[in-house]
Amino acid sequence: MRTTVAQYYPGDSPIHRLDPRAKFVAVTALAVALFLRDSFAGLAVFAVAGVVAYVLSGVPAAWFWRAFRPLLWLVGLTFLAQMLFGPSDQAFASWWVFHISREGLAFAAFLSLRLLVLVLIGSVLTLTTQPLALTDGLAWLGRPLRKLRVPTDELALMVTIALRFIPTLLVEVDQIMRAQRARGADFGSGGPVRRARALVPVLTPLFVLSFRRADELALAMEARCYQPGIVRTRLHPLKAGTADAVLLALTAAVIVLGLLI
Amino acid sequence: MSGEAPATRGAADAAGTARGMALECRAVGFSYEEAQAPIPALRDVSFALAGGRSLALLGASGSGKSTLLQIVRGLDAPEAGAVLLDGVGAAQAAGAGAGAAGGAGGTGEAGYAALQKQVGLVFQTPELQLFASSAREDVAFGPSRLGWPDDEVAAAVEEALELVGLPPERFGDRHPYALSGGEQRRLALAGVLAMRPRLLLLDEPFVSLDPATRRELARILSRLRADGVTLVLATHDVDLAWSLCDELLMLDAGRVAAAGPWDLGAAGRELLAASRLREPFLVELWRRLGRDPREAPRTYAEAAEALA
């Protein structure tokens, strides 16, 4: 099954082995730094860091392309808007409210490249980190919020369960659609209204099934003594090591270099 | 609802057309696309089943039974080989003229598609497919997609509900989700039977049913068999398979391990064991009584008669 949800590319590269918390902190810091600096030189530093991470991750280019493709129209739109609505005083081509200037072009290129670098760095994180590991990491990073009575562990558990059930439900949707197709349902033809109506025989069983599953899961968790609000230990506690320290140190170095250059 | 050719119905009903559809698979191959590499599910699967005969499709979990049934119904296209319905294949129907299409009542691809619509497929846990707000409405979904006139659809619905033991006057207006598990299973079966299939494929129909519902379902299937519908029954229940099916097809990791009439001598027993199955109870009984297991009776009634 092709899904855009399960973006993770299974692998065992140095990037895959890093602690999800370290990766998340590094990517967030880089993203913020990326927007603090507006010079091509600074951008180049972050781009190089992103490309190095991409090469180290061992993820095929096609997988990155899949992450980029849906964003290309956004990049294109940004470029066009910045190019056409640049400052008017030094424009070498003007028409009505549109002015194309060197500055405008440069700024458009800069913004588009910045967006691309951002997607590249973000993709390295999502492609090399299992969604569940990422949730675990976020729950850990959110721990201080528990002092403010934010139920971070419960939120993390909810996200974990939701992620866990997406592939299961996709398989079941596929089965239900096949069963209805075997009964003559046609999902591919007709206008939007007809197509939406054709989905009723799929969505009704899907909702019923989801509620039943949720109910069963809640009962099963209770039977295994799940209690909200208490501290739970983990079977596989997150462990940060030397490599993660190196990552954070390198990230700090890249950010300083990118901001100063 | 859709513009279905009336010929579809004609072929199923017309006097003179055999009720049961003949099925033949020629070197069928199929694999599932996965992220890393395709996983082969069926390899070089060939067998033939005459119209009106019943076939037990046996094999361990993951041996390709469900995949084969879905390919026969046309939900997936085989990557290699061909599925012939009443002797007509997809490519053949597309290329050849009226002569080849024969009893299909049509020619070309439309003829093959019309044949595929006479194949009923009952999924594993088919109660998942129930969606309408009344039993009658849910059963009517399939036949109304075939473009039958309203009175014909209504008649087919009543007949199917009656056949599965859910009398329409009692169950017709009930909400599908208000029925018990066994009733839901039978209602889902009625939804397929209302389309008057000439070839009925069932994927593990006995799973998670209580013994009484099991017997009830077996009774419905033997009635369909007596009516001349061709049956393919994928199951792990060898006793029911033995009592209901004339022939067997055993799959092992996507390949045919055995095909044809039951052979329950020593070799056949080993084959069953390789698929984590045991021999049918009546066959074992006959063997232990020192009789020829190949002549074991199919039903308890036959056994009682033979032993009396």
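What counts and how
Residues numbered from 1 in each chain as written. Chains lettered and ligands numbered in written order. Predicted model: local features only at pLDDT ≥ 70, side-chain atom pairs only at ≥ 80, totals over all residues. Helix = DSSP H or I, 4+ residues; strand = E, 2+ residues; numbered from the N terminus. Rg over C-alpha atoms; globule rule 2.2 N^0.38 Å. Buried ≥ 20, exposed ≤ 12 C-beta atoms within 10 Å, placed from the backbone. Pairing = 2+ DSSP bridges. Core = buried A, V, L, I, M, F, W, Y, C linked by C-beta atoms within 7 Å. Contact = placed C-beta atoms within 7 Å. Axes fitted to C-alpha atoms, helices over the stretch in contact; angles between N-to-C directions. Domains from an automatic or database assignment. Nonpolar A, V, L, I, M, F, W, Y, C, P; charged D, E, K, R; others polar. Left-handed = near helix turned anticlockwise from the far one by under 90°. Expected span 1.5 Å × (residues − 1). Arc of directions from axis to C-beta. pLDDT = per-residue confidence, 0-100.

### Notes on the overall build of chain A
Of regular secondary structure, chain A possesses 11 helices and two strands. Counting from the amino terminus, chain A carries its helices and strands in the arrangement α-α-α-α-α-β-β-α-α-α-α-α-α. For chain A, whose C-alpha radius of gyration is 24 Å, the value lies well above the compact-globule estimate of 18 Å for 261 residues. With the C-alpha coordinates of chain A rotated into their principal frame, the extents come out at 70 × 55 × 40 Å. When burial is assessed residue by residue, chain A has 22% of its 261 residues classed as buried.

### Structural notes on the pairing of strand β9 (residues 255-261) of chain B
Moving residue by residue along a regular strand, the side chains alternate between the two faces of the sheet. Both strand β8 (residues 247-252) of chain B and β9(B) contribute to a ladder of six bridges, which runs antiparallel. Its bridge partner lying in β9(B), M250(B) is registered against A258(B).

### Focus on the nonpolar core
Buried together is how nonpolar side chains tend to be arranged in soluble globular proteins. Of all hydrophobic cores here, the largest spans 89 residues; its most connected members are L55(B), A190(B), L201(B) and L233(B). The element best represented in this core is helix α9 (residues 181-193) of chain B, accounting for six residues. If near-sequence neighbours (up to four positions away) are discounted, A190(B) is found in contact with V139(B), A160(B), L161(B), L163(B), V164(B) and L166(B). Listed in part, the 22 residues of the second largest apolar core include A22(A), F46(A), V59(A) and I121(A).

### Quick notes on the sheet that holds strand β7 (residues 230-234) of chain B
Sheets are built from strands that pair by backbone hydrogen bonding, the pairs being arranged parallel or antiparallel. Residue and element names in this part refer to chain B. Ordered in space as β5-β6-β7-β3-β8-β9, the six strands form an open sheet in which the pairing is mixed. The sheet is open, and its two edges are formed by β5 (119-122) and β9, each paired on a single side. Between one strand axis and the next, the sheet turns through 15 degrees on average, direction left out of account. Where strand β3 (residues 54-58) lies against β8, four bridges are found, and the strand directions are parallel. Within β8, the residue paired with L58 across the bridge is M250.

### A short note on the domain arrangement of chain A
Residues and elements named next belong to chain A. Splitting chain A by domain gives domain 1 (14-143 + 240-260) and domain 2 (152-223). Inter-centroid distance (C-alpha atoms) of domain 1 to domain 2 is 35 Å. Grouping the amino acids of the side of domain 1 that touches domain 2 by side-chain chemistry returns four nonpolar, two polar and one charged.

### Examining the interface of chain A and chain B
Taken residue by residue, the interface counts 17 residues in chain A and 18 residues in chain B. Within the residue set of the side of chain A that touches chain B, elements represented by two or more residues are α8 (152-182) and α10 (200-223) of chain A. Ranked by residue count, the leading element in the side of chain A that touches chain B is α8(A), at seven residues.

### Structural notes on the packing of helix α6 (residues 135-145) of chain B against α9(B)
Residue and element names in this part refer to chain B. Running from N to C, α6 and α9 point in directions that differ by 35 degrees, and their axes come no closer than 7 Å. As for how α6 packs across α9, the hand of that crossing is right-handed. Within the contact between the two elements, α6 uses A135, D138, V139, F141 and G142 and α9 uses L187, A190, G191 and V192. For the contact of α6 with α9, the class distribution of residues is six nonpolar, two polar and one charged.

### Comments concerning the sheet that holds strand β1 (residues 23-32) of chain B
Residues and elements named next belong to chain B. Reading across from one edge, β2-β1-β4 is the order of the three strands in this open sheet, with antiparallel pairing throughout. With partners counted over all chains shown, the strands left at the sheet margins are β2 (39-49) and β4 (80-85), one partner each. Taking the axes of each pair of neighbouring strands and ignoring which way they run, one obtains an average angle of 20 degrees across the sheet.

### Brief notes about unusual backbone geometry
Residues and elements named next belong to chain B. The residue E204 is not glycine, and still its phi comes out positive at about 45 degrees. Checked against the element boundaries, E204 lands in the loop between β6 (199-203) and α10 (211-226). On the basis of neighbour count, E204 is assigned to the buried category, with 21 C-beta atoms found within 10 Å.

### Notes on α6(B)
Most of α6(B) is tucked away: 10 of the 11 residues are buried. Where α6(B) is buried, its residues meet α10 of chain A together with α7 (150-163), α8 (168-171) and α9 of chain B. Just past α6(B), the residue G147(B) takes up positive phi, approximately 75 degrees.

### Thoughts on α10(B)
In an α-helix, one turn spans 3.6 residues, which is why side chains three or four residues apart end up on the same side. Residue and element names in this part refer to chain B. If you check α10, its first and last C-alpha atoms are 22 Å apart, about what 16 residues at 1.5 Å a residue would give, namely 22 Å. Regarding α10, the residues found buried are L217, L221, L224 and R225. In a view along the axis of α10, the buried residues occupy a sector of 100 degrees, so they form one face of it. Exposed residues pointing more than 90 degrees away from the buried face of α10 are listed as P211, A212, R219, R223 and A226.

### Looking at the environment of G181(B)
All names here are of chain B. As for its placement among the helices and strands, G181 is situated in helix α9. Given 13 C-beta atoms within a 10 Å radius, G181 is considered partly exposed. For the pair G181 and D263, spaced 82 residues apart in sequence, the C-alpha to C-alpha distance is 35 Å.

### Brief notes about the confidence of the model for chain B
All names here are of chain B. When pLDDT is averaged along chain B, the result is 86, and 88% of the positions lie at 70 or above. Here residues 1-16 is a poorly scored stretch, pLDDT under 50, and it has 30 contacts once near neighbours within four places are set aside; other chains count. The low-confidence segment residues 96-106, where pLDDT is below 50, has 30 contacts with residues more than four positions distant or belonging to other chains. Model confidence for the complex: the whole-complex pTM is 0.76, and ipTM, which rates the interface, is 0.83.

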